[in-house]
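# Coordinate inspection notes
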Amino acid sequence: QVQLVESGGGLVQAGGSLRLSCAASGRTFSSYAMGWFRQAPGKEREFVARISRGGRYTYYAGSVKGRFTISRDNAKNTVYLQMNSLKPEDTAVYYCAADLSDTFDSDSRYWGQGTQVTVSS
């Protein structure tokens with residue numbers, strides 16, 4: 001198992017930047033692909049970005065491609081989401097997730113508690 005704790009959320013003006021961090025417990029962090037999802041009020045949780053176990057491959061939702069960057073530091077058991085050119089529609093609770101599959105389709109997925117990101121216009 002792995003436990004995930006997100007940080008770095010907050011209030012930012014449109015056009016601004018934030019960097020989210022997700023710290024993972026355990027000694028098997030490098031065994032998990034990592035991803036970020038988000039859920040806006042009244043909407044379903046949606047995929048944002050993911051990164052493979054070794055960090056070589058990344059994949060983004062179309063709505064954030066070119067603005068957000070996912071990265072990981074396996075030595076620090078941490079995954080990051082750098083968010084630039086933020087828009088009000090990026091406002092949501094952002095969740096970190098770990099999955100045993102690089103394509104995020106395994107039966108073993110773990111979630112963090114979420115961190116709020118609010119973008120004002």
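Scroll up a little and you will see the structure.
Residues numbered from 1 in each chain as written. Predicted model: local features only at pLDDT ≥ 70, side-chain atom pairs only at ≥ 80, totals over all residues. Heavy atoms only, no water.

## With respect to the pattern of salt bridges
- In the structure shown here, the tally under the stated rule is five salt bridges.
- Across the pair Arg38 and Glu46 runs a salt bridge, and its minimum N-O distance is 2.6 Å.
- Between Arg67 and Asp90 there is a salt bridge, and its shortest N-O distance comes to 2.7 Å. Linking Arg67 in the loop between strand E6 (58-60) and strand E7 (68-73) with Asp90 in the loop between strand E8 (78-83) and strand E9 (92-99), this pair joins segments that are 23 residues apart in sequence.
- Arg67 sits in the buried class, given a relative accessible area of 11%.
- Taking relative accessible area as the criterion, Asp90 reaches 1% and is therefore assigned buried.
- Within this structure, Arg38, Glu46, Arg67 and Asp90 form a network of salt bridges that share partners. (Salt bridge = Lys/Arg side-chain N within 4 Å of Asp/Glu carboxyl O. Helix = DSSP H or I, 4+ residues; strand = E, 2+ residues; numbered from the N terminus. Buried < 20%, exposed > 50% of the residue type's maximum accessible area, 1.4 Å probe, protein only.)

## As for the side chain of Asn77
- As for its placement among the helices and strands, Asn77 is situated in the loop between E7 and E8.
- The exposure class assigned to Asn77 is buried, which follows from its relative accessible area of 17%.
- Ignoring sequence-local partners within four residues, the contact set of Asn77 consists of Cys22, Ala23, Ala24, Gly26 and Phe29. (Contact = heavy atoms within 4.5 Å.)

## Points about the state of the cysteines
- Counted by the stated rule, this structure contains one disulfide.
- The disulfide bridge from Cys22 ends at Cys96, spanning 2.1 Å between sulfur atoms. Its S-S torsion of approximately -80° makes the covalent link between Cys22 and Cys96 left-handed. On the criterion of sequence distance, the pair formed by Cys22 in strand E3 (residues 18-24) and Cys96 in strand E9 is long-range, its members being 74 residues apart. Both residues of the pair, Cys22 and Cys96, belong to the buried class. (Disulfide = S-S within 2.5 Å.)

## Notes on the side chain of Ser52
- Structurally, Ser52 can be placed in the loop between strand E5 (46-51) and E6.
- Overall, Ser52 belongs to the buried group, its relative accessible area being 5%.
- Look past the residues within four positions of Ser52 in its chain and what remains in contact with it is Ala33, Tyr57, Arg72 and Asp102.

## Quick look at the sheet that holds strand E1 (residues 4-7)
- Read across the open sheet, the four strands follow the order E1-E3-E8-E7; overall the sheet is antiparallel. Here the strands that pair on one side only, and so sit at the sheet edges, are E1 and E7. Going from strand to strand, the sheet's axes swing by 15° on average, the running direction of each strand aside.
- Note: E3 against E8, six bridges, orientation antiparallel. Of the residues in E8, the one forming a bridge with Ser21 is Tyr80. (Pairing = 2+ DSSP bridges. Axes fitted to C-alpha atoms, helices over the stretch in contact; angles between N-to-C directions.)

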